[in-house]
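Chain by chain, the residues:
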Amino acid sequence: MFAKLNRDLNAIRERDPAAGCKLAAMFLYPSFQVMLAYRIANPLWKAGLKFAARFIMQLARWFTGIEIHPGATIGCGFFVDHGSGVVIGETTVIGRNVTLYQAVTLGGVLPAVDAEAQRSVKRHPTLEDDVIVGSGAQILGNITVRAGARVGGNSVVTKDVPACATVVGVPARQLAARPTAEVEPPFAAYGVSNPDDVDPRGRTIAALIDEVQSLRARLNDMEDRLSTTAMHDDAGKPTLGDNTPLPPGTRKS
Ligand SMILES: CC(C)(COP(=O)(O)OP(=O)(O)OC[C@H]1O[C@@H](n2cnc3c(N)ncnc32)[C@H](O)[C@@H]1OP(=O)(O)O)[C@@H](O)C(=O)NCCC(=O)NCCS
């Protein structure tokens with residue numbers, strides 16, 4: 001259990017560009033807090049202590065805003081970023097290193113209709129390893145989102161998603177194929193193709209550096225032109241601008 005929790009903790013630091021040290025991840029991330037509760041509640045559920053298991057997860061929901069049924073199966077390295085509004089149903093199966101953003105539902109299609117017939121039946125989705133699900137996405141029914149797939153924010157997915165595919169929209173449609181997971185970095189923050197683009201401070205600093213380099217190039221160019229045109233004394237000899245002749249082979253800096 002501790003090894004799994006440690007992996008969940010590391011997942012936060014690996015996958016949130018804003019995450020700080022381990023201590024911060026422990027106290028400031030509802031993902032870790034809910035997984036702490038889940039890692040206790042899930043064995044209780046399996047041992048038949050169903051009320052205790054559900055009670056623990058209910059407490060965790062009050063604290064974190066994340067609702068995970070203790071009967072769900074969740075692999076290690078699981079990370080729910082921000083968290084609030086996430087719902088994970090009883091028969092959901094989640095592989096390793098899966099990331100969800102806030103307000104994601106992994107639910108049944110119509111749980112309220114003929115609920116008795118759906119009891120103990122697999123009615124929630126399976127998410128294989130390395131799947132990333134954008135905020136507000138709804139993944140409904142006993143479908144499989146295959147390894148490395150990405151689900152766009154606010155999409156509604158009711159059919160299987162192939163490995164490494166990206167699906168978006170309502171109902172979700174598949175975007176053009178992207179390179180396979182083997183040649184890509186293992187995690188893309190926010191699911192986007194170029195995670196470097198999502199840090200606004202980084203973008204601002206990069207733009208400022210570009211601007212400084214461009215100004216420096218223009219300044220060098222102006223200095224070159226000034227040193228070859230205007231710096232001559234009355235006799236036509238090159239000067240530093242105060243009638244001092246320039247030493248041969250030098251220019252004003
Ligand atoms: C789906 C997603 C992973 C795709 O990222 P990407 O591979 O970089 O794709 P692009 O941004 O190049 O978009 C490709 C196309 O899909 C469309 N698209 C992207 N995300 C979409 C979404 N959530 N819903 C509908 N269409 C979407 C784009 O408009 C674009 O359409 P076009 O080809 O007609 O112009 C990303 O857009 C996404 O939704 N990530 C989740 C982010 C999130 O939840 N953030 C929460 C942080 S708190």
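Quick notes on the rules
- Residues numbered from 1 in each chain as written.
- Predicted model: local features only at pLDDT ≥ 70, side-chain atom pairs only at ≥ 80, totals over all residues.
- Helix = DSSP H or I, 4+ residues; strand = E, 2+ residues; numbered from the N terminus.
- Buried ≥ 20, exposed ≤ 12 C-beta atoms within 10 Å, placed from the backbone.
- Contact = placed C-beta atoms within 7 Å.
- Core = buried A, V, L, I, M, F, W, Y, C linked by C-beta atoms within 7 Å.
- Pairing = 2+ DSSP bridges.
- Axes fitted to C-alpha atoms, helices over the stretch in contact; angles between N-to-C directions.
- Parallel < 35°, antiparallel > 145°, perpendicular 65-115°, else oblique.
- Left-handed = near helix turned anticlockwise from the far one by under 90°.

Visitor: What is the right way to look at the overall build of the chain in this model?
Guide: Along the backbone of the chain there are 6 helices and 15 strands. Buried positions account for 30% of the 253 residues belonging to the chain. The contacts in the chain between residues at least 6 apart in sequence include a share of 31% that link residues at least 24 apart.

Visitor: I keep staring at the nonpolar core and nothing clicks. Help me out?
Guide: Most often, soluble globular proteins keep nonpolar side chains buried together rather than apart. Ranked by internal contacts, the top residues of the largest apolar core, which has 45 residues, are Val34, Tyr38, Met57, Val133, Ile139 and Val151. Those elements that place two or more of their residues in this core are helix H1 (2-15), helix H3 (30-46), helix H4 (50-64), strand E3 (79-80), strand E9 (132-133) and strand E10 (138-140). The element contributing the most residues to this core is H3, with 7 residues. Not counting the four nearest positions on each side in its chain, valine 133 is found in contact with Leu100, Tyr101, Val104, Ile139 and Val151.

Visitor: Explain the sheet that holds strand E11 (residues 144-145) here, please?
Guide: The strand order across the open sheet formed by 4 strands is E2-E5-E8-E11, and the pairing between neighbours is parallel. Edge strands, defined here as strands with exactly one partner in the open sheet, are strand E2 (73-74) and E11.

Visitor: Where do I start with unusual backbone geometry in this structure?
Guide: The phi torsion of most residues other than glycine is negative, and most of the peptide bonds are trans. Proline 171 follows valine 170 through a cis peptide bond whose omega is -10°. Mapped onto the secondary structure, proline 171 falls in the loop between strand E14 (166-168) and strand E15 (173-174). Within the chain, asparagine 97 stands out as a residue other than glycine whose phi angle is a positive 55°. Note that asparagine 97 resides in the loop between strand E5 (93-94) and strand E6 (99-100). The residue alanine 103 is not glycine, and still its phi comes out positive at about 65°. In this fold, alanine 103 is placed in the loop between E6 and strand E7 (105-107).

Visitor: Sorry if this is basic, but what is going on with the sheet that holds strand E1 (residues 67-68) here?
Guide: Within a sheet, neighbouring strands are paired by backbone hydrogen bonds and run either parallel or antiparallel to one another. The 5 strands are arranged E1-E4-E7-E10-E13 in an open sheet whose pairing can be described as parallel. Every interior strand has two partners, whereas the edge strands, E1 and strand E13 (156-157), have only one. Pairing between strand E4 (residues 87-88) and E7: 2 bridges, direction parallel. By the bridge assignment for E7, isoleucine 88 is matched with leucine 106.

Visitor: Got a minute to help me understand the packing of H1 against H3 in this structure?
Guide: How two helices sit against one another is set out by the angle between their axes and by the gap between those axes. Look at H1 against H3: their axes get within 10 Å of each other, and the N-to-C directions meet at 165°. Relative to H3, the element H1 lies roughly antiparallel. Where H1 crosses over H3, the two elements pack in a sense that is right-handed. Of H3, the residues touching H1 (which contributes Lys4, Leu5, Asp8, Leu9 and Ile12) are Ser31, Phe32, Met35, Leu36 and Arg39.

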